[in-house]
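# Examination of the molecular architecture
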Amino acid sequence: MDRLQFINFSTPIHERPDFDSEAISHGLFGENVTLLEKNHNGFFYIENHRDNYKGYVHAMALDHIRDPATHYISVGATLVFAKADIKSPLPFRLPFGAEIAIKNQHNDIFSELTTGGYVITKHLSPLNMPSVDDFVTIAEKYFLSVPYLWGGRSNEGIDCSGLVQQCAFGVNIMLPRDSGPQEKFLQNDVTARKDRQRGDIIFWSGHVGMMVDKVHIIHANAHHMMCVIEPLAHVIERSEHPVSSIKRLLKD
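Here's a quick rundown of the structure. (Residues numbered from 1 in each chain as written. Predicted model: local features only at pLDDT ≥ 70, side-chain atom pairs only at ≥ 80, totals over all residues. Heavy atoms only, no water.)

## Some details on the sheet that holds strand β13 (residues 110-113)
Paired through backbone hydrogen bonds, the strands of a sheet run either parallel or antiparallel to each other. The condition that has to hold: Between any two strands, pairing holds if DSSP finds at least two bridges. Secondary structure elements follow DSSP: runs of H or I of four or more residues count as helices, runs of E of two or more count as strands, with numbering from the N terminus. Comment: axis = line fitted to C-alpha atoms, over the contacting stretch for helices; angle = value between 0 and 180 degrees taken between N-to-C directions.
The strand order across the open sheet built from 3 strands is β12-β13-β14, with neighbouring strands paired in antiparallel fashion. If you trace the sheet from one side to the other, it starts and ends with β12 (102-105) and β14 (118-120), each paired once. Averaged over all pairs of adjacent strands, the angle between strand axes in this sheet comes to 30°, irrespective of strand direction. Sheet topology note: the β13/β14 ladder contains 3 bridges and is antiparallel. Residue Glu112 lies in a different strand from β14, and its bridge partner there is Tyr118.

Below you can see the structure in the form of structure tokens.
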């Protein structure tokens, strides 16, 4: 089976081979995919390697892998410059979590991509290495007030499980894409209210968020249509479903 990668900032992964069908997730620049089936009206049926998510992507959003990724973007988004000069043209942007191959560190500011172009070195982290110790800071710094987008995984738009998945990626933990599988994947239960702490992940049926402290939650949600911080009590009050579990991403 062919190995390909996404070549756009963020690419919709559709439920069916049709631009008008539901975007069930998004693929980020540089993420590798396996091509499972070709030629569905110009769409390919693919599996994203990062989270094993499957769906339909238009062939124009994919290309063959040129070089193995060495780094990922560890800020909300960064620019790729045509030259090692902040005044040079900007070919495109890259989102948090985009995977790239670095040819060399050009100088104290820029790193050169193997495919051409230059990125800011301090916006990168080596692949498979945590970029932060506290993964909630990723949500606070890079995704707070980002619009809510069903299936979104970038600061162009993000959904509840996409937010949790991306923040976990920043500490080198690969979570499933959707909230239900995320809840099943995480094994460290928090049962007592007094034990809740920053970073605990709280689940409802069809929704998920992260505790900022003992009483506040950060989550991407369709009520505010953005990623917000608010009291957990407010979320519980308006929710149609009770809290199903609270999990801890990292053991103490």
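Now that the structure has been shown, the text picks up again.
## A short note on the pattern of salt bridges
Where side chains of opposite charge bring their charged atoms close, a pairing between them can arise. For clarity, the cut-off: The term salt bridge refers to a pairing of a side-chain nitrogen on Lys or Arg with a carboxyl oxygen on Asp or Glu at a separation within 4 Å. Here the term buried applies to any residue with accessible area under 20% of the maximum for its type, exposed to any over 50%, and partly exposed to those in between, with areas from a 1.4 Å probe on protein chains only.
Counted by the stated rule, this structure contains 14 salt bridges. Here Asp134 makes a salt bridge to Arg198, at a shortest N to O gap of 2.6 Å. Within this pair, whereas Asp134 is found in the loop between β15 (124-126) and α1 (136-143), its partner Arg198 is found in the loop between β18 (188-189) and β19 (200-204), the two being separated by 64 residues in sequence. Of the charged contacts in the structure, one is a salt bridge between Asp200 and Arg248, with a shortest N-O distance of 2.6 Å. Here the residue Asp200 occupies a position in strand β19, and Arg248 occupies one in strand β23 (residues 245-248), the gap between them amounting to 48 residues. Arg248 matches Asp200 in its accessibility class, with the two residues each being buried. Via salt bridges that share partners, Glu31, Arg50, Glu99 and Arg153 belong to a single interconnected network.

## Thoughts on α1
Using the following cut-off: It is the directions from the helix axis to the C-beta atoms whose arc is reported.
Residues of α1 that are buried include every one of Val136, Ile138, Ala139, Tyr142 and Phe143, and no others. Each buried residue of α1 sits inside an arc of 160° when the element is viewed along its axis, so together they form one side. Looking one or two residues beyond α1, the residue adopting positive phi is Ser145, at roughly 75°.

By themselves, these are just geometric observations and shouldn't be taken as functional.
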